Amino acid sequence: MQRNKIQDKKTNESIDAEPAAEGQDSGGVTAVTRALQLLEAFGMQDQRLSLAELTRRSGMHKTTALRLLRTLAHSGYVVQREDGEWRLGPAAGWLGARYQAAFDVNNVVEPMLRELTQATGESAAFYVREGNIRTCIVRVEGPQPIRHHARMGSALPLDKGSPGRVILAFSGEPGALYEEIRQRGYHFSIGEREEGVATVSAPVFGLNWRLLGSVCISGPADRLPKNKLLRHAKTIIKAANQLSYALAGTSTPQTPKVVSAWHP
């Protein structure tokens, strides 16, 4: 079967048109999903990517990827460089900034995380729930030369690691473990999601005392054994309480019985 060709004007690369079967299912929802896959293909370390690498990471045909990239470029979400490679555009950064602004990042969350980092000497982060995952939307690195690096914006499981466990517990997840977390108001984990990483977390509440997310500190497990995590738990709870009151206001009849409690 003869295939048509399309041309990438900047690279002069001749690309086989996608097979008919691939084009037939690229309706509205599918096209949006594929476009998002291309944006998600960019990692924190990637300043630019070639078309070949984008298609490899997204698993789609070159023709499909090129057509979607050109569409995204029209709205400023990606930019094609003179050498033909692609980078994220200003619209992608602006979208992320607007998302973070919804959580009072600059005015409330980030200063609290900086104080928490100074108090514990470890990196601090704020996670929110997005469906069945948790996302780190703010992070402040600790002063230690060896530290745990969490990528902002990454989709992480709720049932692995203390930040997600805390979110599940205060979302009403049943089970003995989650009941224990609700009673003590915090949770710690060592190597649960990532080998050699330890975390301790507490819940944060927003307007009308609805669960907003969790705050945590993290670091290498050999520097944060269980006894040290337990010592830091009181500091984490205090920070989570202060952030909750800043975001939710003063105590009301709707204030949870455990905003966070502390049981040594």
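Heads up: the structure comes first, above all this text.
Residue numbers run consecutively from 1 along every chain, following the written order of its sequence. The predicted origin of the model limits local features to residues at a pLDDT of at least 70 and limits the giving and counting of side-chain atom pairs to 80 or more, whereas totals for whole chains, interfaces and linings rest on all residues. Each side-chain value is worked out from all heavy atoms of the structure, with water and hydrogens disregarded.

Some remarks on the overall build of the chain
Right, on to step 1. Secondary structure follows DSSP: runs of H or I at least 4 residues long count as helices, runs of E at least 2 residues long count as strands, and numbering of each begins at the N terminus. When helices and strands are counted, the chain shows nine helices and ten strands.
Right, on to step 2. Here the chain holds 264 residues, and the buried ones make up 45% of them.
Right, on to step 3. Of all intrachain contacts in the chain linking residues separated by at least 6 positions in sequence, the fraction that spans at least 24 positions is 57%.
Right, on to step 4. Of the roughly 14,000 Å² of accessible surface on the chain, a fraction of 51% belongs to carbon and sulfur atoms. Buried residues are those whose accessible area, probed at 1.4 Å on protein chains only, stays under 20% of the maximum for their type, while exposed residues exceed 50% and partly exposed ones sit between those limits. Note on contacts: a residue pair is in contact if any heavy atoms of the two residues lie within 4.5 Å. Note that accessible areas follow from Shrake-Rupley with a 1.4 Å probe, and for residues the cover is restricted to the protein chains shown.

A closer look at helix α8 (residues 176–184)
Right, on to step 1. Those residues of α8 that fall on the buried side of the exposure criterion are Y178, I181, R182 and R184.
Right, on to step 2. Residues of α8 that are buried sit in contact with α7 (162–169), β8 (187–190) and α9 (226–248).
Right, on to step 3. Looking one or two residues past α8, G185 carries a phi angle of roughly 85°, positive in sign.

Some thoughts on the packing of aromatic side chains
Right, on to step 1. In summary, the pairing rule links any two rings of Phe, Tyr or Trp, Trp by its six-membered ring, whose centres are within 6.5 Å, and it sorts them by plane angle into stacked for under 30 degrees, edge-to-face for over 60 and tilted for everything else. For the coordinates displayed, the defined rule picks out one aromatic pair.
Right, on to step 2. Plain terms: the ring middles of F170 and F205 are 6.0 Å apart, the flat faces sit at 80° to each other, and that makes the pair edge-to-face. A residue pair is termed long-range when its members are at least 10 positions apart, and F170 in the loop between α7 and α8 and F205 in strand β9 (residues 197–205) qualify at 35 residues. The same class applies to F170 as to F205, namely buried.
Right, on to step 3. Here, over-ring charges are defined by two tests on the NZ atom of lysine or the CZ atom of arginine: distance to the ring centre within 6 Å, and angle to the ring normal within 35 degrees. Cation over ring: R134 sits above Y127, and NZ or CZ is 4.8 Å from the ring centre.
Right, on to step 4. A cation sits over an aromatic face here: R184 above Y186, 5.4 Å from the ring centre.

Describing the nonpolar core
Right, on to step 1. Counting 27 residues, the largest nonpolar core has L113, L116, F126, V215 and L243 as the members making the most contacts within it.
Right, on to step 2. The element that contributes the greatest number of residues to this core is α9, accounting for eight residues.
Right, on to step 3. When near neighbours in sequence (up to four residues on either side) are disregarded, V215 contacts M112, L113, L116, A125, F126, V200, S201, A202, V204, I236 and A240.
Right, on to step 4. The nonpolar core is taken to be a set of buried Ala, Val, Leu, Ile, Met, Phe, Trp, Tyr and Cys residues, with the residues joined through side-chain atoms within 4.5 Å. In this structure, V166, I167, A169 and W209 belong to the second largest nonpolar core, which totals 16 residues.

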